[in-house]
Amino acid sequence: MDKKFEDIQEFALEYIEKSVDLEREREKSIFESSNRLLVAQTLLITALFAVLPLLVNKFSDSGKIYFVWGGSLIASLTILSSLFVNLLTQWRFKYKAMPAPAKFENFVESHREVFDENIAFIEAANFMKNMYKTIRSNNDRRAITFNVSLLIMFLATIRTSILLLALVL
């Protein structure tokens, strides 16, 4: 095999490995962001339930008590739905990984008579390509659920802020 073709094969494998590494870093970043959002959701729901008795006391004599209960219920459900979607972001989806070394060795043994360096390269590239595709697909799903959770959390924050303003005003 000529040197130029070997260089192309080496570059291709390095490119695929780098792509997999970048997707793993993306996965790690999505999980870290999701964890931070989880903390914010917990703090917001805690703040809402801490302020709820104060709101009930302030508005218990007026006809606005239904506003307090309704607003609190809507805000709570919004935060909890954001929490649920965020937990979906944390879900560990299955992905195709490289097969065990024994499987690759069995493949080589079964094709020994026709085996050459091209077949080894093609198999290695296919294994890495499949792993990359599934990691990327899973990360895309996680990114979508994280963004939906973030949007719902934003709406919940607005609703909770309205309730807190009612306490102050």
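What you see is a predicted model, and the numbers here were worked out from it, not measured in a lab. Each chain has its residues counted from 1, running along the sequence as written. pLDDT decides what is reported in this predicted model: residues at 70 or higher carry local features, side-chain atom pairs at 80 or more are listed and counted, and totals for whole chains, interfaces and linings draw on all residues regardless. The side-chain quantities take in all heavy atoms of the structure and omit both hydrogens and water.

Q: Give a detailed account of the overall build of the protein, specifying residues and quantitative values.
A: What counts as a helix is a DSSP run of H or I of at least four residues, what counts as a strand is a run of E of at least two, and both are numbered from the N terminus. Broken down by element type, the protein carries four helices and zero strands. Its helices and strands in sequence order give the protein the pattern α-α-α-α, from N to C terminus. Considering the protein as a whole, with its 169 residues, one finds that 33% of them fall into the buried category. We call two residues in contact whenever any of their non-hydrogen atoms come within 4.5 Å of each other. Look at the contacts in the protein between residues 6 or more apart in sequence, and 89% of them connect residues 24 or more apart. In this scheme, a residue with accessible area under 20% of its type's maximum is buried, one over 50% is exposed, and one in between is partly exposed, where area comes from a 1.4 Å probe on protein chains only.

Q: Requested: an account of the nonpolar core, with residues and values cited.
A: With 18 residues, the main nonpolar core has L55, V68 and I79 as its most contacted residues. When residues of this core are traced back to their parent elements, those giving at least two are α1 (3-59), α2 (65-89) and α4 (117-168). Looking at this core element by element, the count peaks at nine residues for α1. Discounting residues that sit within four places of it in the chain, I79 has contacts with Q41, L44, I45, L48, A156 and T160. Ranked by size, the runner-up nonpolar core spans six residues in total, among them I16, V20, A125 and M128. By convention a nonpolar core is built from buried Ala, Val, Leu, Ile, Met, Phe, Trp, Tyr and Cys residues, the set being connected through side-chain atoms within 4.5 Å.

Q: I'd like a rundown of a negative patch on the surface, residues and numbers included.
A: Patch members must show over 30% relative accessible area and no salt bridge, and they are joined within 9 Å when carrying like charges or within 5 Å when they are nonpolar side chains of Val, Leu, Ile, Met, Phe, Trp or Tyr. Only the protein chains shown count as covering a residue, and every accessible area follows the Shrake-Rupley method with a 1.4 Å probe. For this analysis, a salt bridge means a side-chain nitrogen from Lys or Arg found within 4 Å of a carboxyl oxygen belonging to Asp or Glu. Neither His nor the chain termini are counted; the positive set is Lys and Arg, and the negative set is Asp and Glu. To locate a charge, take atom NZ for lysine, CZ for arginine, CG for aspartate or CD for glutamate. There is a patch of like negative charges on the surface, built from E10, E14, E17, D21, E25 and E32. Within the element layout of this structure, E17 appears in helix α1.

Q: Now, about α2: what can you tell me, with residues and values included?
A: Here α2 contains 25 residues, and its C-alpha end-to-end distance of 36 Å stays within 8% of the 36 Å for a straight helix at 1.5 Å per residue. Regarding α2, the residues found buried are I65, V68, G71, S72, A75, S76, T78, I79, S82, V85, N86 and T89. In this analysis, the expected span of each helix is defined as 1.5 Å times one less than the number of residues it contains.

Q: So, the side chain of N86: which residues are in play, and what are the values?
A: Looking at the secondary structure, you find N86 in helix α2. On the basis of relative accessible area, N86 is assigned to the buried category, the value being 0%. Nitrogen and oxygen atoms within 3.5 Å of one another constitute a polar contact, given that in protein one can donate a hydrogen and the other can accept it, and given that sequence-neighbouring residues count only through two side-chain atoms. One polar contact links N86 to Q41, side chain to side chain, over a distance of 3.1 Å. Setting aside its immediate chain neighbours within four residues, N86 contacts S34, L37, L38, Q41, F146 and S149.

Q: Quick one: what's the story with the pattern of salt bridges, residue by residue and with numbers?
A: Using the criterion set out here, one finds four salt bridges in the structure. The shortest N-O distance in the salt bridge between D140 and R26 comes to 2.9 Å. Here D140, found in helix α4, pairs with R26, found in helix α1; they are 114 residues apart in sequence, far enough to count as distant. A residue is classified by how much of its surface remains accessible, and D140, at 31% relative accessible area, is partly exposed. Among the ionic pairs, R142 bridges to E27, the shortest N-O distance being 3.2 Å. Note that R142 is positioned in helix α4 and E27 in helix α1, a separation of 115 residues in sequence. There is no split in this pair, since R142 and E27 are both buried.

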